[in-house]
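Geometric and topological summary
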Amino acid sequence: MQIKPGIETLAVHAGHPLDPGTDAVTPAIHLSTTFARQSDGSYQHPYDYIRCTNPGRDNLEKCLCELEGGEAAAAVASGSAATASVFLALEPGAHVVAPRDAYCGTGLLLNTVFARWHLKSTFVDMTDLNQVEKAISIPNTQLVWLETPSNPLLKISDIAAIAQMAHQVGARCVCDNTWATPILQRPFELGADLVTHSSTKYLGGHGDAMGGVVVSKVKDEFFERIRQIQVGMGIGNAPFDAWLILRGIQTLPLRIKASSEAASDIAQFLSNHPKVKRVYYPGLAEHPGAELAARQMLYGGGMVSFQVGSREEAFQVAGKLQVFTSATSLGGVKSLVEIGALMESMHNLDTSSVETVIPDDLLRLSVGIEDVKTLIWDLEQALS
Ligand SMILES: *Cc1c(COP(=O)(O)O)cnc(C)c1O
């Protein structure tokens with residue numbers, strides 16, 4: 001192409017070749033577990049066995065490389081599988097620095113599965129660079145894990161500054177970009193080495209597919225380890241899920257724009273509502289990370305959290321909502337509300353070493369693509 005395509009064009013075209021067998025415009029789903037050999041034992045196409053390779057999974061990986069601006073990607077069974085494959089690729093005895101308010105499944109993996117394999121982790125407030133500085137000076141720090149905006153308080157951490165600090169001690173910087181997506185935030189351009197996603201959320205976008213991905217800025221030896229883990233452990237994204245996620249990505253830019261615009265109006269509405277104690281949204285001027293968010297994100301995103309005064313009121317408001325469905329997860333076309341008090345128990349999290357600071361009167365909204373008037377009407381009636 002003579003022109004550098006914009007991300008909206010990449011979302012539609014990247015990893016969407018015409019079907020080589022039929023010229024079908026929309027990619028096929030290949031469910032076949034195995035592929036035929038030639039008479040000399042070789043393969044005509046780069047496919048042999050489903051655990052190792054799959055045409056749809058390849059297409060999804062190509063698409064995600066182009067969207068994030070990386071050289072290599074591994075599409076896996078879930079966001080948690082993506083997270084785990086990065087930790088598994090570290091050297092034994094490695095030390096990992098992670099946010100205190102990391103996605104609860106990430107904290108859980110570090111504290112249980114990987115702690116048993118002598119992976120050490122230090123949890124810090126990623127918005128406090130002094131804490132990061134101190135933690136990375138611990139010997140054998142191989143990885144700094146970032147998640148911004150964070151869950152559920154939408155804290156914003158400085159990707160460029162933290163990546164630079166990680167590199168000073170020879171560690172990799174990984175950014176879980178699930179919430180922002182490549183539409184809002186470009187971690188590689190800010191210095192991150194790897195990007196992970198739960199494709200179950202915005203990438204798939206319709207609440208009907210599970211997946212995850214690790215994208216690497218460079219196709220290096222560390223990425224080869226992740227590929228070995230994907231193939232060797234059989235955690236590749238299943239063909240049907242990969243197909244749904246690739247389809248979902250085509251509308252990602254439009255969905256993110258719609259959700260962000262609505263979320264911004266909703267955050268404004270909530271911050272003016274007398275029943276609401278506090279609103280967490282990086283697009284609001286009073287948010288402590290607003291200035292940083294304006295620098296490293298295109299807009300504020302589709303997630304809004306707010307406090308309503310008490311645990312009982314949080315349950316009452318969630319129960320009265322008619323358009324928002326009370327359910328966990330996020331990033332789909334349908335708006336959801338999650339009750340903060342229920343978030344930790346969901347994952348059976350041992351919170352002894354992760355300082356999860358979720359206020360028990362918190363509600364977290366995943367704003368979908370319904371019209372904002374209806375969504376605000378719904379919140380208004382539930383809060384009254
Ligand atoms: C949901 C989520 C994950 C885990 O993804 P799964 O697909 O549920 O395994 C990881 N990180 C973030 C930020 C998430 O929101």
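This section reports on the structure supplied with the text.

The rules behind the values
What you see as residue numbers is a count from 1 along each chain, following the sequence as written. Thresholds applied to this predicted model are a pLDDT of at least 70 for local features of residues and 80 or more for the giving and counting of side-chain atom pairs; totals over whole chains, interfaces and linings are not thresholded and use all residues. Side-chain figures throughout are based on the complete set of non-hydrogen atoms in the structure, without hydrogens or water. Lines fitted to the C-alpha atoms define the axes, with helices restricted to the stretch that makes contact. Angles between their N-to-C directions range from 0 to 180 degrees. Numbering of helices and strands starts at the N terminus; helices are DSSP runs of H or I of at least 4 residues and strands are runs of E of at least 2. If an angle is under 35 degrees, it is roughly parallel; if it is over 145, roughly antiparallel; if it lies from 65 to 115, roughly perpendicular; otherwise it is oblique. Note on convention: near helix rotated counterclockwise from far helix by under a right angle means a left-handed crossing. Clockwise means right-handed. Whether two residues touch is decided by their heavy atoms; if any such pair falls within 4.5 Å, the residues are in contact. Stacked, tilted and edge-to-face are the three classes applied to pairs of Phe, Tyr and Trp rings, where Trp contributes its six-membered ring and a pair requires centres within 6.5 Å; stacked means planes under 30 degrees apart, edge-to-face means over 60, and tilted covers the rest. We call a residue buried when its accessible area falls under 20% of the maximum for its residue type, exposed when it is over 50%, and partly exposed in between, using a 1.4 Å probe and counting protein chains only. Arc definition: directions from the helix axis to the C-beta atoms.

**Side note on the packing of helix 3 (residues 79–88) against helix 9 (residues 221–232)**
- In contact at an axis separation of 9 Å, helix 3 and helix 9 are set at 125° when each is read in the N-to-C sense. By the angle class used here, helix 3 and helix 9 are oblique. As helix 3 packs across helix 9, the resulting crossing turns out to be right-handed. Contacts from Ser85, Val86 and Leu88 in helix 3 reach Phe222, Ile226 and Ile229 in helix 9.

**What about the environment of Leu252?**
- Checked against the element boundaries, Leu252 lands in helix 11 (residues 252–271).
- In contact with Leu252, not counting residues within four places along its chain, are Thr181, Ile183, Tyr202 and Leu203.

**Digging into the packing of aromatic side chains**
- In total, this model carries four aromatic pairs according to the counting rule given.
- Ring geometry for Phe87 against Phe114: centres 5.5 Å apart, planes inclined by 75°, an arrangement best described as edge-to-face. Of this pair, Phe87 sits in helix 3 while Phe114 sits in helix 5 (residues 113–116); the two residues are 27 residues apart in sequence, bridging distant segments of the chain.
- Geometrically, the ring pair formed by Phe87 and Trp145 is tilted, given 5.3 Å between the ring centres and 50° between the ring planes. You can see Phe87 sitting in helix 3 and its partner Trp145 sitting in strand 4 (residues 141–147), a full 58 residues away along the chain. Accessibility classification places Phe87 together with Trp145 in one group, the buried group.
- Feature note: the residues Phe87, Phe114 and Trp145 constitute an aromatic cluster, connected by ring pairs.

**Here's the deal with helix 6 (residues 129–136)**
- Turning to helix 6, its buried residues are Val132, Ala135 and Ile136. Along helix 6, the residues classed as buried sweep out an arc of 90° about the axis, all on the same side. Exposed residues lying more than 90 degrees from the buried face of helix 6 are Asn130 and Lys134.
- Where helix 6 is buried, its residues touch strand 2 (95–99), strand 3 (120–124), strand 4 and helix 7 (159–168).

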